[in-house]
Amino acid sequence: MNQNTDSNHQPDSRGEAYHHDEAENLPPHSHHDEETLSEIDVQAYWRANVKVLIVLLSSWAFVSFGCGVLFSNWLDQFYIGGFPLGFWFTQQGTMLCFVAIIFIYHIWMKKIERDHGVDDDEDNVEGRLTSQADTGAKP
Amino acid sequence: MNAQTLSFIFVGLSFALYIGIAIWSRVGSTKEFYVAGGGVHPVVNGMATAADWMSAASFLSVAGILAFTGRDGAVYLVGWTGGYVLLALLLAPYLRKFGRFTVPEFIGDRYYSKLARVVAVVCLIFISFTYIAGQMRGVGIVFSRFLEVEIETGVVIGMAIVFCYAVLGGMKGITYTQVAQYCVLIFAFMVPAIFMSIMWTDNPIPQLGLGDKLNDGSGLSVLQKLDQVTTELGFNTYTVGTRSTIDSLAIAAALMIGTAGLPHVIVRFFTVPKVSDARKSAGYALAFICVMYTTIPAVAAFSRLNLTESVNEVAYSEAPAWIEKWENTGLIAWKDKNGDGIMQYRPGHAFTPTKPIFTEARGTYGERVISNELTSNGNEMYVDRDIMVMANPEIAKLPNWVIALVAAGAVAAALSTAAGLLLVISSSVAHDLMKRTFMPDINDKKELLFARLAAVVAILIAGWFGINPPAFVAQVVAFAFGMAAASLFPPIVMGIFSKRINRSGAVAGMLVGLSSTLAYIIYFNFIAPEINNPEHWFLGISPTGIGTIGAALNVCAAVIVSRLTPAPPAHVQDMIDDIRIPAGAGVAHDH
């Protein structure tokens, strides 16, 4: 796939989009089309990944810096099972949220990866779509 | 049977178990030594990661810090657990896909530079040494107590044991041994916690017991009682924080970023079979950690109540036996300032310097005489925070086997972390420095020899720091986190999420981050400890939290220098594309 590198790096996004549409409806009829599709899918996957990260890291920051420090004292006016809420967050609550965030991340990413065909399930050990970079990476 | 004999039996049995596992899973190749051949189930790996990461500091020291500082201490809990979110989201999957042995290897390859790799090794060694010194101190405390010797002797015994243990096996042995160690340490931590929770509240779940009502019929809850006791004696109110918001934020951030940058934790995610397993594994690791970490606040609260009740206003001649035993290790001291023979436990340091300097003599009541200069406050007690967890079962008058169990648990915690750290130090020295930088021609056998030699040197230096620690165990460890935050975390994350950060940027960033953080910590702890207070701190941020500023400087330096120098070459940009995709990750491999 190295010989196709130049065409893949063309800045003309309309051309790539065209290949993408075509490839969705038709089986890829040339090596070149397959490459183009994977490149676009990989980019879409990466954008989805970054979106997940932004959402989850915001919740992480809200819980740890917000509930744990910034408005911890304000939360103390509420109670949860005998604990002032802010105090509870600093002692136990934040940690439980962290565990939840990581498992949500795991499940969410698994779904996105299956949708984009870049998952690492048993039947996809080598990748259904080989990523553009796969050849150049290993020295 | 007395507690000492039982401790010998329990620690001995647990050792037999660890050594048995280490022999059963002996390693033959460098790959197995470093990453266990890459075939460890995520739950198993999660449990091993939890043991690896929960150190003597977690086991012994955090509850002690929380017991003495109340709400302020909780920032350690938030910081250390929150780092796992960063680790799982920003590092673990990508580093697993990258699939090599060590953190410097990633930095060296991503930044196509031997210099970057060497700088990363230097950062890593600094971090690991600071961290391992804390472990040695922890092991020392355990041995000094149950062999009833001075803390220095305890540290030396600990060094000998870690030496035998860590040089035996590699990562494969360590992974399964750590699973056993997790079971031992979590059991050892939970049993006294449950006992104490029942004792005070009748609630067998310590996490819930902390919020419950006392069972003495007073109608007060545990937290109300704590606030009452602390306020009456003039301490800070237990559930009210006193640290400034900016310092709390900085410490929490430094600990979180630092956790994610700890090399011995990162390397654990090279051992799972798949990228998705690395994410899952981080989740399990944190869940296993939280079993203990949510219990710590309860242990802290109950032990504060226990301590105050059994020490304050009690005549020394009628003091419980554990006071004398800990006095013999040098971790408790009493100076009868007002000559009434009764121990007064109040806020403030009883004498200067704050640590007791004992003379050979014994006082009127048989207490050890100290030669420190006395302070003018009413406090007569010195209680080392690190003894709280170890002393808990005795203070709470729990059966002897619980005391023995805690000793075995603390040793497990210290050993599992020390072993993980030694492995990281030895693999970086042997693999990154020798094999990949200076002596590329050496064979597997030579490399393993270098790895073991590095472990020996590491133990010796760590032991020295364990005997002469700059601060409490958890604080020593906190500095390691600050350094990890300032040096390793930024180049790894930027290396994954930016294609523009280049060789010069990464090196400049690491150097700026590590040196600024190190300088700040050294200045305030060793050069000018007398001005180590909020008025003199930069922006009011303590040395514990300065890693956050170090990390920010690191990022700034890296971005600016990268902008001024050429972009990374095409093969590196392709590599970045590759590690962003989970599919196609083989086992971690060598060159």
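Engineer: Account for the overall build of chain A, with residues named and values stated.
Structural biologist: When its secondary structure is counted, chain A shows six helices and two strands. Each helix and strand of chain A, ordered N terminal to C terminal, gives the series α-α-α-α-β-β-α-α. Looking at chain A as a whole, 50% of its 139 residues are labelled buried. Within chain A, counting contacts between residues at least 6 apart in sequence, those at least 24 apart form 54% of the total.

Engineer: Summarise the overall build of chain B; cite the residues concerned and give the values.
Structural biologist: Counting its regular elements, chain B contains 24 helices and eight strands. Of all 591 residues assigned to chain B, the portion counted as buried reaches 65%. The contacts in chain B between residues at least 6 apart in sequence include a share of 82% that link residues at least 24 apart. Of the accessible surface of chain B, which amounts to about 18900 Å², a share of 64% is contributed by carbon and sulfur atoms.

Engineer: Can you tell me about the packing of aromatic side chains, naming the residues and giving the values?
Structural biologist: Per the stated rule, a full pass over the model turns up 18 aromatic pairs over all chains. Arranged with centres 5.9 Å apart and planes meeting at 70°, the rings of tryptophan 46 of chain A and tyrosine 94 of chain B form a pair that is edge-to-face. Of the two residues, tryptophan 46 of chain A sits in helix 3 (residues 31–70) while tyrosine 94 of chain B sits in helix 5 (residues 74–98), which places them in two different chains. You'll find tryptophan 46 of chain A and tyrosine 94 of chain B in the same group, each marked buried. Judged by centre distance (5.4 Å) and plane angle (70°), the rings of phenylalanine 59 of chain B and phenylalanine 189 of chain B are edge-to-face. With phenylalanine 59 of chain B in helix 4 (residues 56–69) and phenylalanine 189 of chain B in helix 9 (residues 171–201), this residue pair connects regions lying 130 residues apart in the sequence. Look at phenylalanine 59 of chain B and you get buried, because its relative accessible area is 0%. A residue is classified by how much of its surface remains accessible, and phenylalanine 189 of chain B, at 2% relative accessible area, is buried.

Engineer: Please give an account of the environment of alanine 551 of chain B that cites residues and values.
Structural biologist: All names here are of chain B. Structurally, the position occupied by alanine 551 is in helix 23 (residues 547–564). For alanine 551, a relative accessible area of 7% translates into the label buried. Sequence separation between alanine 551 and methionine 483 is 68 residues, and the spatial gap between their C-alpha atoms is 8.8 Å. If near-sequence neighbours (up to four positions away) are discounted, alanine 551 is found in contact with Ile257, Ala485, Ala486 and Pro490.

Engineer: Provide a residue-level description of the confidence of the model for chain A, including the pertinent values.
Structural biologist: Residue and element names in this part refer to chain A. Residues with a pLDDT of 70 or more make up 58% of chain A, whose mean pLDDT is 67. Helix 5 (residues 85–116) holds the highest mean pLDDT among the elements of chain A, 87, whereas helix 6 (residues 134–137) holds the lowest, 36. Note on residues 1–37: pLDDT is under 50 here. Beyond four places in sequence and across chains, it has 34 contacts. A low-confidence stretch, residues 125–139 (pLDDT under 50), is modelled with 41 contacts involving residues beyond four sequence positions or located in other chains.

Engineer: With reference to specific residues and values, describe the interface of chain B and chain A.
Structural biologist: Contact residues are listed per partner, giving 58 residues for chain B and 53 residues for chain A. In total, about 4600 Å² of surface goes out of reach between chain B and chain A, with carbon and sulfur atoms giving 70% of it. Three residues, Arg71, Leu89 and Arg279 of chain B, lead the burial of chain B against chain A; their summed loss comes to 16% of the area buried on that side. Linking chain B to chain A there are one salt bridge. Across the chain B-chain A interface, the total number found is five residue pairs in polar contact (both at pLDDT 80 or more). When contributions to the side of chain B that touches chain A are tallied by element, the ones reaching two or more residues are helix 5, helix 12 (245–261), helix 14 (275–293), helix 21 (489–497) and helix 24 (570–579) of chain B.

Engineer: Give a detailed account of the environment of threonine 237 of chain B, specifying residues and quantitative values.
Structural biologist: All names here are of chain B. Looking at the secondary structure, you find threonine 237 in the loop between helix 11 (222–232) and helix 12. Using a relative accessible area of 26% as the deciding quantity, one classes threonine 237 as partly exposed. As for threonine 237 and leucine 226, which are separated by 11 residues in sequence, their C-alpha atoms are 7.9 Å apart. Residue contacts for threonine 237: discarding those within four places in its chain leaves Asp227, Thr230 and Thr231.

Engineer: Describe in detail the environment of phenylalanine 8 of chain B, supporting the description with residues and values.
Structural biologist: Counting through the fold element by element, phenylalanine 8 of chain B comes out in helix 1 (residues 3–24). In the structure, phenylalanine 8 of chain B is positioned 399 residues away from alanine 407 of chain B in sequence and 9.0 Å away in space, judged by C-alpha atoms.

Engineer: Just give me the short version of the packing of helix 4 of chain B against helix 7 (residues 114–146) of chain B, but keep the residues and values in it.
Structural biologist: Residues and elements named next belong to chain B. Running from N to C, helix 4 and helix 7 cross one another at 70°; their axes reach a closest spacing of 9 Å. Classified by the angle between their axes, helix 4 and helix 7 sit roughly perpendicular to one another. Crossing of helix 4 over helix 7 shows left-handed handedness. Between helix 4 and helix 7, the residues in contact are Ala56, Ala57 and Leu60 and Gln135, Gly138 and Val142, respectively. Among the residues forming the contact of helix 4 with helix 7, the class breakdown is four nonpolar, two polar and no charged.

Engineer: Residues and numbers for the pattern of salt bridges, please.
Structural biologist: Residue and element names in this part refer to chain B. The final tally for this structure, using the stated rule, is six salt bridges over all chains. Where aspartate 578 meets lysine 97, a salt bridge forms, and the shortest distance between an N and an O atom there is 3.2 Å. On the criterion of sequence distance, the pair formed by aspartate 578 in helix 24 and lysine 97 in helix 5 is long-range, its members being 481 residues apart. In terms of burial, aspartate 578 and lysine 97 fall into one category: buried.

Engineer: Please provide a residue-by-residue account of the pairing of strand 5 (residues 358–362) of chain B, values included.
Structural biologist: All names here are of chain B. The pairing of strand 5 with strand 6 (residues 368–370) spans two bridges and is classified as antiparallel. Bridged to phenylalanine 358 within strand 6 is isoleucine 370. Between the end of strand 5 and the start of strand 6, which pair antiparallel, lie five residues, with glycine 366 showing a positive phi angle near 90°.

Engineer: Which residues make up the nonpolar core, and what values do they have?
Structural biologist: All names here are of chain B. Core analysis: the largest hydrophobic core is formed by 211 residues, its most contacted members being Trp53, Phe59, Leu91, Ile107 and Tyr293. Counting the residues that make up this core, at least three belong to each of domain 1 (3–303 + 397–568) and domain 2 (332–383). Here leucine 91 is in contact with Leu86, Ala260, Ile266, Phe489, Ile492, Val493 and Ile496, once residues within four sequence places are set aside. Ala333, Ala350, Phe351 and Ile370 belong to the second-largest nonpolar core, a separate cluster that totals five residues.

Engineer: I'd like to hear about the packing of helix 3 (residues 42–53) of chain B against helix 14 of chain B, residue by residue, with values.
Structural biologist: All names here are of chain B. Look at helix 3 against helix 14: their axes get within 7 Å of each other, and the N-to-C directions meet at 50°. When the interaxial angle is binned, helix 3 and helix 14 end up oblique. Crossing angle aside, the handedness with which helix 3 passes helix 14 is right-handed. Counted together, Pro42, Val43, Asn45, Gly46, Met47, Thr49, Ala50 and Trp53 of helix 3 and Asp277, Lys280, Ser281, Tyr284, Ala285, Phe288, Ile289 and Tyr293 of helix 14 form the full contact between these two elements. Across the contact of helix 3 with helix 14, the residue classes tally to 10 nonpolar, four polar and two charged.

Engineer: I'd love a proper account of a nonpolar patch on the surface, names of residues and values included.
Structural biologist: Residue and element names in this part refer to chain B. A contiguous nonpolar surface patch, about 480 Å² in accessible area, is contributed by Val457, Leu460, Ile461, Trp464 and Phe465. Looking at the element boundaries, valine 457 is found in helix 19 (residues 444–467). Residue valine 457 is classed as partly exposed on the basis of its relative accessible area of 45%.

Conventions adopted
Residues numbered from 1 in each chain as written. Chains lettered and ligands numbered in written order. Predicted model: local features only at pLDDT ≥ 70, side-chain atom pairs only at ≥ 80, totals over all residues. Heavy atoms only, no water. Helix = DSSP H or I, 4+ residues; strand = E, 2+ residues; numbered from the N terminus. Buried < 20%, exposed > 50% of the residue type's maximum accessible area, 1.4 Å probe, protein only. Contact = heavy atoms within 4.5 Å. Areas by Shrake-Rupley, 256 points an atom, 1.4 Å probe, with all protein chains shown as cover. Phe/Tyr/Trp six-rings, centres within 6.5 Å; stacked < 30°, edge-to-face > 60°. pLDDT = per-residue confidence, 0-100. Buried area = accessible area lost by both parts, 1.4 Å probe. Salt bridge = Lys/Arg side-chain N within 4 Å of Asp/Glu carboxyl O. Polar contact = N/O pair within 3.5 Å; in protein donor to acceptor, adjacent residues only side chain to side chain. Axes fitted to C-alpha atoms, helices over the stretch in contact; angles between N-to-C directions. Parallel < 35°, antiparallel > 145°, perpendicular 65-115°, else oblique. Left-handed = near helix turned anticlockwise from the far one by under 90°. Nonpolar A, V, L, I, M, F, W, Y, C, P; charged D, E, K, R; others polar. Pairing = 2+ DSSP bridges. Core = buried A, V, L, I, M, F, W, Y, C linked by side-chain atoms within 4.5 Å. Domains from an automatic or database assignment. Patch = residues over 30% accessible without salt bridge, like charges linked within 9 Å, V, L, I, M, F, W, Y side chains within 5 Å.

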